[in-house]
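Observations on chain architecture
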Amino acid sequence: MSSRYKKSEQLLDRALKVIPLGSQTFSKSITQFPLGVSPYFAKKGKGSRLWDVDGNEYIDFINGLLSVSIGYSDPDVTSSVKAQLDNGVTFSISNELEIEVAEKLIDLVPCAEMVRFGKNGTDCTSAAIRLARAYTKKEIVLVCGYHGWQDWYIGSTTRNLGVPKTTQSLTKTFIYNDIKSFDTLIEEYKGQIAAVIMEPMNVAYPNEGFLEHIRTVTENENIVMVFDETITGCRFSKGGAQELFGITPDLATFGKGIGNGFPLSAVMGKKKIMCLMEDIFYSGTFAGETSSLAAATVVLDKIKNENVCEHLVKVGSYLKSEVQALINSYGLEQHVDCIGHPSWSFLTFKDIGSITSFEMKTLYMQEMFKSGILSFGTHNLSFSHTIDDVDQLLCAYKDFFGLLSECIELGNVSNSLECQVLEPLFKVR
């Protein structure tokens, strides 16, 4: 048992006895964090910092899987939520906050004419697909990216255990920035496609004309275009990636950061489609829960008025350029890259000889955690991150890139590992 993570590992032992994988989320479990060199349980967070149960402090570049958009324990968000708690959380009838938050989203998001809420991204992507099928009276769905755990999507991945074959057959995957792969499916299933749902951007920027082509085809073929902006919404710009790239979908889903860690998601879009919410069944006891809505009122006001997205771009652009300069200075550009949008960038690894990318990633996490950096290869920024935080990250990267260079020269990473190598969960980006 690691002395640095002694209490975390003790809690993990307890958790594994009562919780499958010891966590509610795959991305927070032992599938993602290598055993023996990782923290598993958080004690508290403040601003850009997180403390684990062993008292170790980190600059957090995971940020609750991008759900913490403003910063841990933001005083304005906390004040709004505490005030609401005094009045109650879940009521027997609706609450005015439902209207207020819906109006704020409609004000920010280009496609939004009506809004319904959920708790997780999966709630709202699944609602969007049901709306699209009801609206078009067709069944096939084309997907690109990650869209949650429900059967209609996860059946198209390698994590399809328990999903009926008939359900799997209704979802088809195309490749991002590959118009041919998209057009091939359009022709093969012509007249049968209800929806195209995609992350408008994840690792790579869209090629010129890619999103425009999909928008044109979906309009011509009576297909509902859905942007899954669970991550990009209110992050890439105030109105999400659709505003940044100038492409307005029929429906969009927002989530993650709109509640700054409080559970809230939203499906929104054209009124003529959203009105079908009156006919399909989409209903949740906690969708209108008011502590999350109270948080969202503050978050959305900050997004609109306090240059949150601009700050993320400024800090993230500095981070990307400096990391790339370090990669080049260590001669690692053939094996390591820093890609993605400034607010959500990725450090990627490529196999070299007998050294695999997952050996490199495991070593990366081992060394980052030791250095007080919480990251599993992404830079998920919040409004609370500063240039000083990035400079501390860069110091940790200098040490890591030096070690990685030595490992590559020796042709061996495993000798530097203090744990088992991670295995891929499933690849969606």
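Conventions and cut-offs
The numbers attached to residues start from 1 for each chain and follow its sequence in the written order. Local features in a predicted model are, by the rule used here, given only for residues with pLDDT of at least 70; side-chain atom pairs are given and counted only at 80 or more, and totals for whole chains, interfaces and linings are based on all residues. Note that the side-chain values use all heavy atoms of the structure and ignore hydrogens as well as water. In DSSP terms, a helix is any run of H or I states spanning at least four residues, a strand is any run of E spanning at least two, and both are numbered starting from the N terminus. Throughout, the radius of gyration refers to the C-alpha atoms, and the reference size of a globule is 2.2 Å times the residue count to the power 0.38. Whether a residue is buried, partly exposed or exposed follows from its accessible area with a 1.4 Å probe, protein chains only, as a fraction of its type maximum: under 20%, in between, or over 50%, in that order. What makes two residues a contact is simply this: any of their non-hydrogen atoms within 4.5 Å. To measure how exposed things are, a 1.4 Å probe is used in the Shrake-Rupley method; for residues, cover is taken only from the protein chains shown. We count Lys and Arg on the positive side and Asp and Glu on the negative side, and we leave His and both chain ends out. Charged side chains are reduced to one point each, which is NZ for Lys, CZ for Arg, CG for Asp and CD for Glu. Buried Ala, Val, Leu, Ile, Met, Phe, Trp, Tyr and Cys residues that are joined via side-chain atoms within 4.5 Å together make up what is termed a nonpolar core. The convention used is that axes are lines fitted to C-alpha atoms, helices contributing only their stretch in contact, and that angles between N-to-C directions extend from 0 to 180 degrees. Small angles under 35 degrees read as roughly parallel and large ones over 145 as roughly antiparallel, with 65 to 115 read as roughly perpendicular and the rest as oblique. Working rule for handedness: look at the near helix, and if it is turned counterclockwise from the far one by less than a right angle, call the crossing left-handed; if clockwise, right-handed. Classification convention: Asp, Glu, Lys, Arg as charged; Ala, Val, Leu, Ile, Met, Phe, Trp, Tyr, Cys, Pro as nonpolar; all other residues, Gly among them, as polar. Pairing of aromatic side chains requires ring centres within 6.5 Å, counting the rings of Phe and Tyr and the six-membered ring of Trp. Pairs whose planes differ by under 30 degrees are stacked, by over 60 edge-to-face, and all others tilted. Note that the arc is computed from the directions linking the helix axis to the C-beta atoms. Pairs of N or O atoms within 3.5 Å make up the polar contacts considered here, provided that, within protein, one atom can donate a hydrogen while the other can accept it, and that residues adjacent in sequence are counted only when both atoms are side-chain atoms. Strands are labelled as partners when DSSP assigns at least two bridges between them.

**Some details on the overall build of the protein chain**
Across its full length, the protein chain carries 15 helices and 14 strands. The C-alpha atoms of the protein chain give a radius of gyration of 22 Å, which matches the 22 Å a tight globule of 429 residues would have. When each of the 429 residues of the protein chain is scored for burial, the buried share is 55%. Considering only contacts within the protein chain whose residues lie at least 6 apart along the sequence, 73% involve residues at least 24 apart. Summed over its atoms, the accessible surface of the protein chain is roughly 18,800 Å², and 51% of this surface lies on carbon and sulfur atoms. Charge separation in the protein chain, taken as the distance between the mean sites of 40 positive and 51 negative side-chain charges, equals 4 Å.

**Let's talk about the nonpolar core**
Among the nonpolar cores identified, the biggest contains 105 residues, and Phe174, Met198, Met268 and Leu347 are the most heavily contacted of them. The dominant element in this core, judged by the number of residues it contributes, is helix H15 (residues 387-410), at ten residues. The residues touching leucine 347, leaving out its near neighbours within four places in the chain, are Val323, Ile327, Val336, Asp337, Cys338, Tyr364, Gly377, His379, Tyr397 and Phe401. In terms of nonpolar packing, the next biggest core, distinct from the first, is built from 24 residues, Trp152, Tyr153, Val163 and Met274 among them.

**Quick look at helix H9 (residues 210-220)**
Three or more residues of H9 are buried, namely Phe210, Leu211, Ile214, Arg215, Val217 and Thr218. Contacts made by the buried residues of H9 are with helix H8 (179-188), strand E7 (193-198), strand E8 (224-229) and helix H10 (241-245). Asparagine 222 sits one or two residues past H9 and shows a positive phi near 55 degrees.

**Brief notes about the packing of helix H4 (residues 96-108) against helix H12 (residues 290-305)**
Packed helices, taken two at a time, are described by their axes: the angle between them and the distance between them. Remark: H4 packs on H12, axes separated minimally by 9 Å, with the N-to-C direction vectors making an angle of 30 degrees. In terms of axis orientation, H4 runs roughly parallel to H12. In the packing of H4 onto H12, the handedness of the crossing is left-handed. Between H4 and H12, the contacting residues are Leu97, Glu98, Glu100, Val101, Lys104, Leu105, Asp107 and Leu108 on the first element and Thr290, Leu293, Ala294, Ala296, Thr297, Leu300, Asp301, Ile303 and Lys304 on the second. Taken together, the residues of the contact of H4 with H12 break down into nine nonpolar, two polar and six charged.

**Some details on the side chain of glutamate 367**
Relative to the helices and strands, glutamate 367 is located in helix H14 (residues 357-370). By relative accessible area, glutamate 367 is classed as buried at 16%. Setting aside its immediate chain neighbours within four residues, glutamate 367 contacts Phe400 and Leu403.

**Quick notes on the packing of aromatic side chains**
Under the definition given, this model contains 16 aromatic pairs. Between phenylalanine 33 and phenylalanine 369, the aromatic rings sit 5.8 Å apart at their centres with planes inclined by 15 degrees, giving stacked as the arrangement. Placement of the pair is phenylalanine 33 in the loop between helix H1 (6-18) and strand E1 (42-46) and phenylalanine 369 in helix H14, with a sequence separation of 336 residues. A residue is classified by how much of its surface remains accessible, and phenylalanine 33, at 8% relative accessible area, is buried.

**Considerations on H8**
Within H8, burial applies to Ser181, Phe182, Leu185 and Ile186. Taken around the axis of H8, the buried residues stretch over an arc of 140 degrees, which confines them to a single face. Opposite the packed face of H8, turned more than 90 degrees from it, sit the exposed residues Lys180, Glu187 and Glu188. In this structure, the buried side of H8 is in contact with strand E5 (140-144), strand E6 (171-173), E7 and H9.

**Quick word on the side chain of serine 38**
Checked against the element boundaries, serine 38 lands in the loop between H1 and E1. By relative accessible area, serine 38 is classed as buried at 0%. Engagement of the side chain of serine 38 in a polar contact is seen with the backbone oxygen of proline 34, the distance being 2.7 Å. If sequence neighbours within four positions are ignored, serine 38 has contacts with Tyr5, Phe33 and Phe369.

**Overview of the packing of helix H13 (residues 308-329) against H15**
For the pair H13 and H15, interaxial distance at closest approach is 10 Å and the crossing angle is 20 degrees. By the criterion of interaxial angle, the relationship of H13 to H15 is roughly parallel. In this structure, H13 crosses over H15, and the sense of that crossing is right-handed. Contacts from Val315, Tyr318, Leu319, Glu322, Val323, Leu326 and Ile327 in H13 reach Ile387, Val390, Asp391, Leu393, Leu394, Tyr397, Lys398 and Phe401 in H15. Class assignment for the residues of the contact of H13 with H15 results in twelve nonpolar, no polar and three charged.

**Quick word on the sheet that holds strand E13 (residues 373-374)**
Pairing in this open sheet of four strands is mixed, and the strands run E1-E2-E3-E13 from one edge to the other. Edge positions in the sheet fall to E1 and E13, since each of these pairs with one other strand and no more.

**Focus: unusual backbone geometry**
For leucine 65, which is not glycine, the phi torsion reads 55 degrees and is therefore positive. Tracing the backbone shows leucine 65 in helix H2 (residues 63-66). On the accessibility criterion, leucine 65 (15% relative accessible area) is buried.

**A short note on the pairing of strand E11 (residues 336-341)**
The pairing of E11 with strand E12 (residues 344-349) spans six bridges and is classified as antiparallel. Opposite cysteine 338, over in E12, you have leucine 347 as the bridge partner.

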